[in-house]
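# Reading the structure
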Amino acid sequence: MSEVVLTMEQVRRVYRAGGTELEVLKGVDFTLARGEWCCIFGASGSGKTTLMNLIGTLERPDAGTITVCGRDLTDLSRKQAAKFRAEKLGFVFQSYHLLPELNLRENVALAGEIAGQSGRTARCKADELIARVGLTERASHRPAELSGGEQQRAAIARALMNDPELLLADEPTGNLDPETGEDILRLFQELRIRRSDLTILMITHNRDIAALASRVAELKNGLLC
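Now for a look at the structure at hand. (Residues numbered from 1 in each chain as written. Predicted model: local features only at pLDDT ≥ 70, side-chain atom pairs only at ≥ 80, totals over all residues. Heavy atoms only, no water.)

## Remarks on the sheet that holds strand β4 (residues 63-68)
Pairing within the open sheet is antiparallel, and its 4 strands lie in the order β2-β1-β4-β5. Edge positions in the sheet fall to β2 (20-33) and β5 (71-72), since each has one partner strand and no second. Summarising the sheet, β4 and β5 pair through 2 bridges and their orientation is antiparallel. Counterpart to V68 in the pairing with β5 is R71. Its contacts with the sheet place helix α1 (residues 48-55) against β1 (4-17), β2 and β4, and it is angled at close to 120° to β1. (Pairing = 2+ DSSP bridges. Helix = DSSP H or I, 4+ residues; strand = E, 2+ residues; numbered from the N terminus. Contact = heavy atoms within 4.5 Å. Axes fitted to C-alpha atoms, helices over the stretch in contact; angles between N-to-C directions.)

Set out below in structure tokens:
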């Protein structure tokens with residue numbers, strides 16, 4: 001039986017504002033095995049990003065349990081959650097989130113330094129990952145000097161810096177033109193070949209992108225099906 005990397009049991013998330021409540025997730029049950037590439041498909045506003053934030057310890061559920069890599073996330077302090085993210089998770093966002101004052105190499109290496117790697121070790125590994133995503137000649141450039149596709153490649157390199165067990169990708173092609181988006185998706189496919197144990201959870205509203213994954217789940221009316 002495949003090792004389970006992620007388990008969600010009866011997860012609920014409610015947003016409250018001005019005396020009103022909006023229940024975004026209504027009791028989600030979900031499991032993800034090691035090595036899977038799963039796409040969660042859903043319309044804009046369906047709660048996909050909320051789901052990703054809960055798994056990534058950026059938000060807490062109002063009810064239910066979430067277990068990632070054998071760790072129950074519901075009782076983590078902020079410090080523990082930050083440490084867990086650095087050691088176990090990799091994030092690829094739609095908007096890249098690269099620090100504008102740092103060049104590409106520094107942005108990628110910073111993730112390793114935050115996790116406790118020495119500066120030299122982090123820079124060496126950053127260079128390896130930058131080469132893997134085809135950006136060696138752009139390593140000294142700052143984000144403003146990079147195209148959208150190059151910034152997303154840099155973000156993927158950063159996400160891999162600490163050898164995550166679970167890679168979370170939130171609409172990774174959402175800000176890119178179709179051709180560049182296809183290049184990014186090919187990179188994810190290459191990652192699966194290089195690391196068969198890497199588990200990828202990607203959210204998208206694009207059915208064509210979702211079809212590339214080994215498994216697709218749809219988020220609809222607050223539930224996964």
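## Details of the packing of helix α3 (residues 104-114) against helix α4 (residues 119-132)
Direction vectors running N to C along α3 and α4 enclose 125°, while the axes themselves pass 8 Å from each other. In terms of axis orientation, α3 runs oblique to α4. The hand of the α3/α4 crossing is right-handed. On α4, the residues touching L104, R105, V108, A109, G112 and E113 of α3 are G119, A122, R123, A126, D127 and I130. When the residues that make up the contact of α3 with α4 are grouped by side-chain class, the tally is 6 nonpolar, 2 polar and 4 charged. (Parallel < 35°, antiparallel > 145°, perpendicular 65-115°, else oblique. Left-handed = near helix turned anticlockwise from the far one by under 90°. Nonpolar A, V, L, I, M, F, W, Y, C, P; charged D, E, K, R; others polar.)

## A short note on the sheet that holds strand β7 (residues 166-170)
The 6 strands lie next to each other as β6-β7-β8-β3-β9-β10, forming an open sheet whose pairing is mixed. With partners counted over all chains shown, the strands left at the sheet margins are β6 (89-92) and β10 (223-224), one partner each. One ladder, built from 5 bridges, connects strand β3 (residues 37-41) with strand β8 (residues 199-204); its direction is parallel. When the sheet's bridge partners are listed, I40 is paired in β8 with I203. In this fold helix α5 (residues 148-159) packs onto β6 and β7, with an angle of close to 170° to the strand it touches most, β6.

## Looking at α3
Residues of α3 that are buried: L104, N107, V108, A109, A111 and G112. Sitting at the head of α3, N103 places a side-chain oxygen 3.1 Å from the backbone nitrogen of R105. Taken from the residues just after α3, G116 is the one with a positive phi, measuring 110°. (Buried < 20%, exposed > 50% of the residue type's maximum accessible area, 1.4 Å probe, protein only. Polar contact = N/O pair within 3.5 Å; in protein donor to acceptor, adjacent residues only side chain to side chain.)

## A few points about the packing of aromatic side chains
Following the criterion strictly, the structure yields 2 aromatic pairs and no others. Residues F91 and F93 carry aromatic rings whose centres are separated by 5.7 Å and whose planes lie at 5° to one another, so their mutual orientation is stacked. Given the relative accessible area of 15%, F91 is considered buried. (Phe/Tyr/Trp six-rings, centres within 6.5 Å; stacked < 30°, edge-to-face > 60°.)

## Thoughts on the packing of α3 against α5
For the pair α3 and α5, the least separation of the axes is 8 Å and the interaxial angle reads 25°. Taken together, the axes of α3 and α5 are roughly parallel relative to one another. In the packing of α3 onto α5, the handedness of the crossing is right-handed. Where α3 abuts α5, its residues L104, N107, V108 and A111 lie against A154, A157 and R158. For the contact of α3 with α5, the per-class residue count stands at 5 nonpolar, 1 polar and 1 charged.

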